[in-house]
Amino acid sequence: MARKTTPKKRCTGGPQGSVVVIGLGRFGRALALELVDEDTEVLGIDENAEVVQAISGSLTHAVRADSTKEDALRQLGVHEFDRAVVAIGTDLEASILTASLLISFGIENVWAKAISKAHGRILTQLGVHHVVYPEHDMGQRVAHLVRGRMLDYIEFEDDFAMVKTNPPADIIGLPLANSAVRTRHGITVVAIKRPGEGFTYATPDTVVEADDTIIVAGRTRATERFSELQ
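Residues numbered from 1 in each chain as written. Predicted model: local features only at pLDDT ≥ 70, side-chain atom pairs only at ≥ 80, totals over all residues. Heavy atoms only, no water.

Chemist: Quick question: what am I supposed to make of unusual backbone geometry here?
Modeler: Trans is the common state for peptide bonds, and a negative phi is the common state for residues other than glycine. Even without a glycine there, the phi angle at aspartate 39 is positive, about 65 degrees. Looking at the element boundaries, aspartate 39 is found in the loop between helix H1 (26-37) and strand E2 (42-46). Of the residues examined, aspartate 39 reaches a relative accessible area of 67% and is grouped as exposed. With a phi angle near 55 degrees, alanine 180 is a residue other than glycine that sits in the positive phi range. (Helix = DSSP H or I, 4+ residues; strand = E, 2+ residues; numbered from the N terminus. Buried < 20%, exposed > 50% of the residue type's maximum accessible area, 1.4 Å probe, protein only.)

Shown next, in the form of structure tokens:
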């Protein structure tokens, strides 16, 4: 199915809820298009004219500009946005200079892509509010899926994770309150999906069946061990 496109409208003055995405490579492009699909106005900026031309019909507005130049960003009204993403990857100097300008503008929420821990440390020291490591995080996530029997995996900070998996035999046919799953395995079953139905919140009275899919939460290693019980 073709991705829907949005007629171009000029982002002026950083309308509430809009986002500026700087750097329209693979990560920035995917992020910008996903935001548009969720009905968010997006101003996309890249210094490559061909990249801008290729995506211009899909974003609210896309423009070629050097994001390391303060005057260029101010002319585009970037300083009036309250959310910005620096999706520049391989050009570390451009990434750092762009992030520094966005922070100096007083933008309330700045996200920036980092390609290494050192890069991320510099971005954090600049005052970037959210530093993300797309390649590292995705590689770590896929490694968990490949190694175990998880159907999906999300790890948060402070050693906490949520895992989509199938239930092990020792909790099947029992109400969760009687399964002692939290005591024995150190995890909490937070949602359950019956075949052909959507996910619903799990309760102490929920009885887990063999063909159910469940989402569990807990310490990272505890969720890993639980998913391996099948």
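Chemist: Whenever I open this one, the packing of aromatic side chains confuses me. Can you help?
Modeler: To describe a pair of aromatic rings, you give the distance between the ring centres and the angle between the ring planes. For the structure on display, the rule yields 1 aromatic pair. Ring centres 6.3 Å apart and planes at 45 degrees place the aromatic pair phenylalanine 156 and phenylalanine 160 in the tilted group. On the basis of relative accessible area, phenylalanine 160 is assigned to the partly exposed category, the value being 34%. Lying over the aromatic face of tyrosine 133, lysine 117 brings its terminal NZ or CZ to 4.6 Å of the ring centre. (Phe/Tyr/Trp six-rings, centres within 6.5 Å; stacked < 30°, edge-to-face > 60°. Lys NZ or Arg CZ within 6 Å of the ring centre and 35° of its normal.)

Chemist: Please clarify how the environment of alanine 210 should be interpreted in this entry.
Modeler: Here alanine 210 lies in the loop between strand E10 (199-201) and strand E11 (213-219). Since its relative accessible area comes to 55%, alanine 210 is described here as exposed. In this structure, the C-alpha to C-alpha distance between alanine 210 and isoleucine 172, residues 38 residues apart in sequence, is 6.0 Å. Apart from the residues lying within four places of it in its own chain, the contact partners of alanine 210 are Pro167 and Ile172. (Contact = heavy atoms within 4.5 Å.)

Chemist: Looking at this model, I keep getting lost on the pattern of salt bridges. Mind explaining?
Modeler: Side chains bearing opposite charge may pair, as long as their charged atoms lie close to each other. Counted according to the given criterion, the structure contains 5 salt bridges. Arginine 194 is the salt-bridge partner of aspartate 212, the closest N and O atoms lying 2.3 Å from each other. Pair noted here: aspartate 212 is in the loop between E10 and E11 and arginine 194 is in the loop between strand E9 (187-193) and E10, with a separation of 18 residues, a long-range link. For aspartate 212, a relative accessible area of 1% gives the class buried. Residue classification places arginine 194 among the partly exposed positions, given a relative accessible area of 25%. One salt bridge in this structure joins glutamate 224 and arginine 221, with 3.0 Å as the shortest N-O distance. Residue glutamate 224 and its partner arginine 221 are located together in helix H9 (residues 220-227), separated by 3 residues, close to a single helical turn. (Salt bridge = Lys/Arg side-chain N within 4 Å of Asp/Glu carboxyl O.)

Chemist: So what exactly am I meant to see when it comes to the nonpolar core here?
Modeler: Burial of nonpolar side chains together is a common tendency in soluble globular proteins. Judged by nonpolar contacts, the single largest core of 25 residues is most densely connected at Val20, Leu43, Ile45, Leu73, Val78 and Leu102. Looking at this core, the elements with two or more residues in it are strand E1 (19-22), E2, strand E4 (83-86), helix H4 (92-104) and strand E5 (109-113). The dominant element in this core, judged by the number of residues it contributes, is H4, at 4 residues. Of all hydrophobic cores here, the second largest spans 16 residues; its members include Tyr153, Leu176, Val189 and Ala222. (Core = buried A, V, L, I, M, F, W, Y, C linked by side-chain atoms within 4.5 Å.)

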